[in-house]
Amino acid sequence: MITVYVPGDAVAVACGADEVVAALLATGIELTIIRNGSRGMHWLEPLVEVTTSEGRIGYGPVSAGDVAGLVAAGLFEGGEHPLRIGRPEQHPFIASQQRMTFARCGIVDPASMDDYIAHGGGFGLERARALEPTQRIDLVKASGLRGRGGAGFPTGIKWDTVALADSPRKYIVCNADEGDSGTFADRMIMEGDPFELVEGMIIAALCVGADYGYVYIRSEYPHAIRAMEIAIEGARRRGWLGSEFDMEVRVGAGAYVCGEETALLESIEGKRGQVRAKPPLPAHKGLFGMPTVINNVLSLTAVPHIFADGPEVYAAVGLGRSRGTMPVQLAGNCRHPGLYETPFGITLGELVNDIGGGTASGRPVYAVQVGGPLGAYFPPKLFDTPFDYEAFTKAGGLIGHGGITVFDDTVDMAGMARFAFEFCAAESCGKCTPCRIGATRGVETMDKIIAGDRPEANLELIADLAETMKFGSLCALGGFTPYPVMSAITHFPEHFNRRALALAAE
Ligand SMILES: Cc1cc2nc3c(=O)[nH]c(=O)nc-3n(C[C@H](O)[C@H](O)[C@H](O)COP(=O)(O)O)c2cc1C
Ligand code: SF4
């Protein structure tokens, strides 16, 4: 039987993967078609792979119209064709990565627990079960794992707080809201290797003594929701879930603020997604008032590897206090967009130019925004900044969830600064004044600057407003909006003064 892999990942589907499957079936040839996850080379999607005597051979990007020609060229034997890329794992984009979290993504059948186990899944859980509860958390601490949702808080310390809390019930909540622009790592791993998240959550539950878990996924991620539901059911059938610990998927409506951990908890509780004041921390009083671990998908999916390989393997890579690997997401006007998992320490320039290949438009890279809509804009002169939480903070930015959005020299940076305020105004939960009112005043003031109305005085006003929002907001939505605004003004000042821009254009 011929086995063909056609990703069921949302990016591949958006690029026509379902039509490719239909065209393959229409050939009448007997095939086993596996809907795998994406390898993360998005410019090659749909990346079709066939199992041959040489290993899996990839072709991409394949459209339904290419199928007849591919079959005629000997697709099922790995035949030569202009779309043939050879063995995907030997492609420089993949071969230069150090994949831990994404090691199985794009390789395994995400619906098959047998395949997961055949590729090393479950070993971390086995090791965790063999340890005492305190040894388990010590192991997470020793790995140096920091939360990948944005704040980079040490995961072991968070888990310790929940473990030490005295309560009849504790919860594990996975934050899969992934609202940041230009990010897709959570979605990709849930679609490509969902059992890894299930395993990570079970290990978290063992560590802190929780008996129930939720994966909170936005409704815009229907493929991830389906993949997680299939995996949870599979894990239940296998006896991994159901007795000591069980879990379910909760679908969010897709409000950016519902990614903020306390708003997310409100949403799971069936209330409007509004931020809670801290303290109490969710680790003390979280979901339904009980001690709750809330972690990003990438934090939880790193955990099975940390247990399986040992914390020292994880801690051995990275830079400074940023240990392990980061699944970096390259997006926007990028020639080679996709998922690139690499140890911390790689520079921004290497990621954008060497890995991402610069812009898709072929024009010069002018700016990149790192860390989603609340992240700073970096000019090429800062491209020597290493990917590291502390280095980014020092450079006036943040890593956030590891998304990099590339812009060429046609970008309007004043428009981008205005957009940051507009985004904040639209997504604000309305609980605190600096964000609720400040964002709207920010849009109005930016409009004046763009119209050339007293730019110097209005820029001073923006700087003042940014200070108020940064230090007066209850959560990072209002508190971090100044990052994109002020970085755009600092690094691209000519965009905020129409006269200077006109002179520069002459
Ligand atoms: C407005 C806002 C949106 C956020 N969105 C997300 C998100 O989509 N996913 C996520 O994991 N964390 C998000 N966070 C961070 C969470 O509040 C929280 O820090 C995180 O889930 C903790 O998990 P970690 O320690 O594994 O990073 C957001 C924070 C803010 C202020
Ligand atoms: S900063 Fe904005 S989103 Fe956060 S609590 Fe205040 S109003 Fe709500």
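Residues numbered from 1 in each chain as written. Chains lettered and ligands numbered in written order. Predicted model: local features only at pLDDT ≥ 70, side-chain atom pairs only at ≥ 80, totals over all residues. Heavy atoms only, no water.

Looking at empty space enclosed by the protein
Here is step 1 of the chain: A full pass over the atoms with the stated rule returns two cavities of 30 Å³ or more.
Here is step 2 of the chain: The volume enclosed by the largest cavity comes to roughly 70 Å³.
Here is step 3 of the chain: As for the largest cavity, its lining consists of V257, V275, S428, C429, G430, K431, C432, C435, L474, C475 and L477.
Here is step 4 of the chain: A breakdown of the residues in the lining of the largest cavity according to their chemical character gives eight nonpolar, two polar and one charged.
Here is step 5 of the chain: One number sums up the size of the second largest cavity: a volume of about 30 Å³.
Here is step 6 of the chain: Split by residue class, the lining of the second largest cavity holds five nonpolar, two polar and two charged. (1 Å grid on protein atoms, 1.4 Å probe; cavity = no way out; pocket = protein on both sides within 12 Å on 5 of 7 lines; lining within 4 Å. Points joined across faces, edges and corners; volume = space filled by probe spheres on them. Nonpolar A, V, L, I, M, F, W, Y, C, P; charged D, E, K, R; others polar.)

Overview of helix α8 (residues 155–164)
Here is step 1 of the chain: Of all the residues in α8, the buried ones are T155, G156, K158, W159 and V162. What you see down the axis of α8 is that its buried residues fit within an arc of 160°, all on one side.
Here is step 2 of the chain: Elements that come into contact with the buried residues of α8 comprise α7 (133–143), α10 (194–208), α12 (261–268), β9 (292–296) and α13 (297–309). (Buried < 20%, exposed > 50% of the residue type's maximum accessible area, 1.4 Å probe, protein only. Helix = DSSP H or I, 4+ residues; strand = E, 2+ residues; numbered from the N terminus. Arc of directions from axis to C-beta. Contact = heavy atoms within 4.5 Å.)

Section: the packing of α8 against α10
For any two helices packed against each other, one specifies the inter-axial angle together with the distance between the axes.
Here is step 1 of the chain: Interaxial distance between α8 and α10 falls to 8 Å at its minimum, and their mutual angle equals 50°. When the interaxial angle is binned, α8 and α10 end up oblique. Across the interface between the two elements, W159, V162 and A163 of α8 pack against A204, C207 and V208 of α10.
Here is step 2 of the chain: Here the contact of α8 with α10 is built from residues that sort into six nonpolar, no polar and no charged. (Axes fitted to C-alpha atoms, helices over the stretch in contact; angles between N-to-C directions. Parallel < 35°, antiparallel > 145°, perpendicular 65-115°, else oblique.)

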